[in-house]
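Coordinates in review
Spelled out, the chains give:
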Amino acid sequence: MTDQYADVIIVGGGIVGLWTAYHLAQHGTKTILFEQFAYPHTRGSSHGQSRITRTSYCEPEYAALMPESFRKWEELEDHARKKLFIKTGLLTVYDVTKRADDFHSILKNLETHKVNHEVVSGDKIGKRFPGLMFDSMHRGIHDADSGVLLADQCVGALRSLVLRKGIELRESEQVLSVKPLHGEKVSVKTVKDTYHCQSVILTCGPYINKLLEKNNLKLPVELLRVQVTYWKDTSSKDKYSASNGFPCVMIPHGLACFYCMPSLEYSGLMKLGWHIGTPCDPTARDQLTPEWRRAADSHIEAIRKNIQTHYTDVDSSDPALIESCIYTETPDRNFIIDHHPEHRNIVIGSGFSGHGFKTAPSVGHMLANMALGLQPPYNPEPFALRRCSSISRL
Ligand SMILES: Cc1cc2nc3c(=O)[nH]c(=O)nc-3n(C[C@H](O)[C@H](O)[C@H](O)COP(=O)(O)OP(=O)(O)OC[C@H]3O[C@@H](n4cnc5c(N)ncnc54)[C@H](O)[C@@H]3O)c2cc1C
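Quick caveat: nothing in here was measured; it's all calculated off a predicted structure. (Residues numbered from 1 in each chain as written. Predicted model: local features only at pLDDT ≥ 70, side-chain atom pairs only at ≥ 80, totals over all residues. Heavy atoms only, no water.)

Now for the overall build of the protein chain. Across its full length, the protein chain carries 9 helices and 22 strands. Relative to its length of 394 residues, the protein chain is compact, with a C-alpha radius of gyration of 21 Å against a globular reference of 21 Å. Within the span of the protein chain, comprising 394 residues, buried residues form 57% of the whole. The long-range fraction of contacts in the protein chain, counting pairs at least 24 apart against all pairs at least 6 apart in sequence, stands at 72%. For the protein chain, the computed accessible surface area is about 16600 Å², with 50% contributed by carbon and sulfur atoms. (Helix = DSSP H or I, 4+ residues; strand = E, 2+ residues; numbered from the N terminus. Rg over C-alpha atoms; globule rule 2.2 N^0.38 Å. Buried < 20%, exposed > 50% of the residue type's maximum accessible area, 1.4 Å probe, protein only. Contact = heavy atoms within 4.5 Å. Areas by Shrake-Rupley, 256 points an atom, 1.4 Å probe, with all protein chains shown as cover.)

Turning our eyes to something else, we now look at the nonpolar core. If you look at the biggest cluster of nonpolar residues, it comprises 46 residues, and the most contacted ones within it are Ile15 and Leu158. Contributing elements (two or more residues each) for this core: β1 (3–11), α1 (15–26), α3 (66–80), α6 (151–164) and α9 (360–372). In terms of residues, this core owes the most to one element, α1, which gives 8 residues. In this structure, Leu158 is in contact with Ile15, Leu18, Trp19, Tyr22 and Leu76, ignoring residues within four places of it in sequence. Counting residues in hydrophobic clusters, the runner-up holds 30 residues, among them Ile9, Phe34, Cys197 and Cys280. (Core = buried A, V, L, I, M, F, W, Y, C linked by side-chain atoms within 4.5 Å.)

This brings us to the packing of α3 against α6. When two helices pack together, their arrangement is given by the angle between the helix axes and by the axis-to-axis distance. Their axes nearest at 10 Å, the elements α3 and α6 cross at an angle of 75°. As far as their axial angle goes, α6 and α3 are roughly perpendicular. Contact with α3, carried on its side by Trp73, Leu76, His79 and Ala80, involves Cys154, Ala157, Leu158, Leu161 and Arg164 of α6 and no other residues of that element. Residues that form the contact of α3 with α6 fall into these classes: 7 nonpolar, 1 polar and 1 charged. (Axes fitted to C-alpha atoms, helices over the stretch in contact; angles between N-to-C directions. Parallel < 35°, antiparallel > 145°, perpendicular 65-115°, else oblique. Nonpolar A, V, L, I, M, F, W, Y, C, P; charged D, E, K, R; others polar.)

The next point concerns the domain arrangement of the protein chain. With domains assigned, the protein chain is organised as domain 1 (3–46 + 152–216 + 334–393) and domain 2 (87–146 + 222–329). Once you take the C-alpha centre of each, domain 1 and domain 2 turn out to be 30 Å apart. Contact with domain 1, which involves 13 residues of that partner, is made by 11 residues of domain 2. Surface buried jointly by domain 1 and domain 2 totals about 940 Å² across both partners, of which 51% is contributed by carbon and sulfur atoms. Area buried by domain 1 at its contact with domain 2 is led by Pro206, Ser353 and Gly354, which between them contribute 42% of it. The interface formed by domain 1 and domain 2 holds 0 salt bridges in total. One can count 5 residue pairs in polar contact (both at pLDDT 80 or more) joining domain 1 with domain 2. Tallied by class, the residues present in the side of domain 1 that touches domain 2 amount to 3 nonpolar, 8 polar and 2 charged. (Domains from an automatic or database assignment. Buried area = accessible area lost by both parts, 1.4 Å probe. Salt bridge = Lys/Arg side-chain N within 4 Å of Asp/Glu carboxyl O. Polar contact = N/O pair within 3.5 Å; in protein donor to acceptor, adjacent residues only side chain to side chain.)

Relative to the helices and strands, His142 is located in strand β7 (residues 138–143). Residue His142 is classed as buried on the basis of its relative accessible area, which comes to 9%. Excluding its chain neighbours within four sequence positions, the residues that come into contact with His142 are Thr88, Gly89, Leu90, Leu91, Asn116, His117, Glu118, Arg128, Phe129 and Pro247.

Moving on to the pattern of salt bridges. Under the criterion given, the structure shown has 18 salt bridges. The shortest N-O distance in the salt bridge between Glu171 and Arg159 comes to 2.9 Å. Remark: Arg159 occurs in helix α6 and Glu171 occurs in the loop between β9 (168–170) and β10 (175–180); sequence separation between them is 12 residues. Judged by relative accessible area, which is 24%, Arg159 ranks as partly exposed. One salt bridge connects Glu301 with Arg304, and the closest N-O pair in it is separated by 2.5 Å. Highlighted residues: Glu301 and Arg304, both in helix α8 (residues 290–310), separated by 3 residues, approximately one helical turn. Here Arg304 falls in the buried class, since its relative accessible area comes to 16%. By sharing partners, the salt bridges in this structure join Glu301, Arg304, Lys305 and Asp318 into a single network.

The subject of this paragraph is the site of the ligand. Of all residues adjacent to the ligand, which total 36 residues, the nearest are Glu35, Ser46, Ile52, Cys325 and Lys358. Here an oxygen atom of the ligand sits 3.3 Å away from a polar atom, N or O, in the main chain of Ile15. Contacts to the ligand include Val16, whose backbone N or O atom sits 3.1 Å from an oxygen atom. Relative to its unbound accessible surface of 1000 Å², the ligand loses 96% to contact with the protein. (Near = heavy atom within 4 Å.)

For the rest of this paragraph, the subject is α9. For α9, with 13 residues, the first-to-last C-alpha span of 18 Å sits near the 18 Å given by 1.5 Å per residue. Across the 13 residues that make up α9, a large majority, 11, are buried. Buried within α9 are the following residues: Ala360, Pro361, Ser362, Val363, Gly364, Met366, Leu367, Ala368, Asn369, Met370 and Ala371. Just downstream of α9, Gly373 is the residue with a positive phi angle, here 75°. (Expected span 1.5 Å × (residues − 1).)

Turning to the sheet that holds strand β4 (residues 85–86), a few remarks are in order. If you trace the 3 strands from one edge of the open sheet to the other, you get β3-β8-β4, paired in antiparallel fashion. Of all the strands in the sheet, just β3 (50–53) and β4 have a single pairing partner and so form its edges. In the sheet, β4 pairs with strand β8 (residues 147–150) via 2 bridges, with the strands oriented antiparallel. Paired with Ile86 across the strands is Val148, a residue of β8. The strands touched by α6 within the sheet are β3 and β8, with β8 carrying the most contacts at an inclination of about 50°. (Pairing = 2+ DSSP bridges.)

The following block contains the structure:
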């Protein structure tokens, strides 16, 4: 067994771990990033073809993360010399008789960040965006600067960039334990070796509690298997394609939402989903019990109803394609970005609750600064662990 040293070790090479590595590289920090699987893999949360990116958030703390994130995605495109972001625009539609406050919060955030936007009344939505139908109780906000990130390509491009910047990226090397030592160091044991460092950053996606439980902490996150469903565009004129100007659409529903992306990654198919899932074990994600299968079917039924209510030319009989992914969901759907309560040099980035791809450049900036003992670039309070009353100290 050899003994190896880094200033910072990152555990988990999904989109958040990779952006964190990028920011550490900007500081010239000697960093090792461990990823348990070989790239590319489909066993975390960052795989798949597409993710929505948007400033249209009700909460100012998320909207505040977006200017830097948009800039960094653009820089990554320049480095990679390929398109990673498709500016489709995003239409968020509310039933304003029930959720006027959320509607106005989004407008306020878009105005604060000077994002191009327009308000479209429900009965005009179908005219402005053929293929959609809403009644006059609804109102939409079209955020023209939002769009789709090509997720797999982003991960690939960022991985190449951090390697070029000198990050040591060890694939297929699972971290087994993280142990704080005296003298403010941490020992990290992997399947291959033992390493020492000043700080560890845990960006383990759905596997977070497997490591934290060995450090007397369990985050209140639920691991949800999510079905990504693609449905057939039956319009004769390719109404729903990104090239024809069809936007992403979000229809908030409780804490979750129905969403859709224009047909983009698979021609003639639209990604239409519900931001909801069924509990799973990430090591056996697709082994569904009959009860889970029933829940998954009921989610498809809800998407079907959403299509029948709001989309004029989409075949709602059955999805043409289903892929799966995992959300690491907190009770309030807010991220967890904090130090371990007992060990300051263990920093945690978790609980991204199905919306953490777009903000990964800014969240990575926060995590890197926290590990280096620098001021975080954004207010960490909304993401603090102590808001979760149900965290368990084991
Ligand atoms: C279906 C779906 C749709 C989504 N849509 C959107 C969207 O439209 N917009 C948006 O912004 N976000 C979206 N998200 C959320 C977003 O994709 C996730 O929040 C984000 O990818 C989380 O990244 P991560 O790096 O935290 O986790 P992950 O991608 O899961 O990465 C964690 C990594 O850590 C590795 N790891 C774990 N434990 C260890 C260990 N012990 N040793 C070594 N490696 C380890 C894992 O193998 C994994 O690769 C969506 C997610 C899903 C599933």
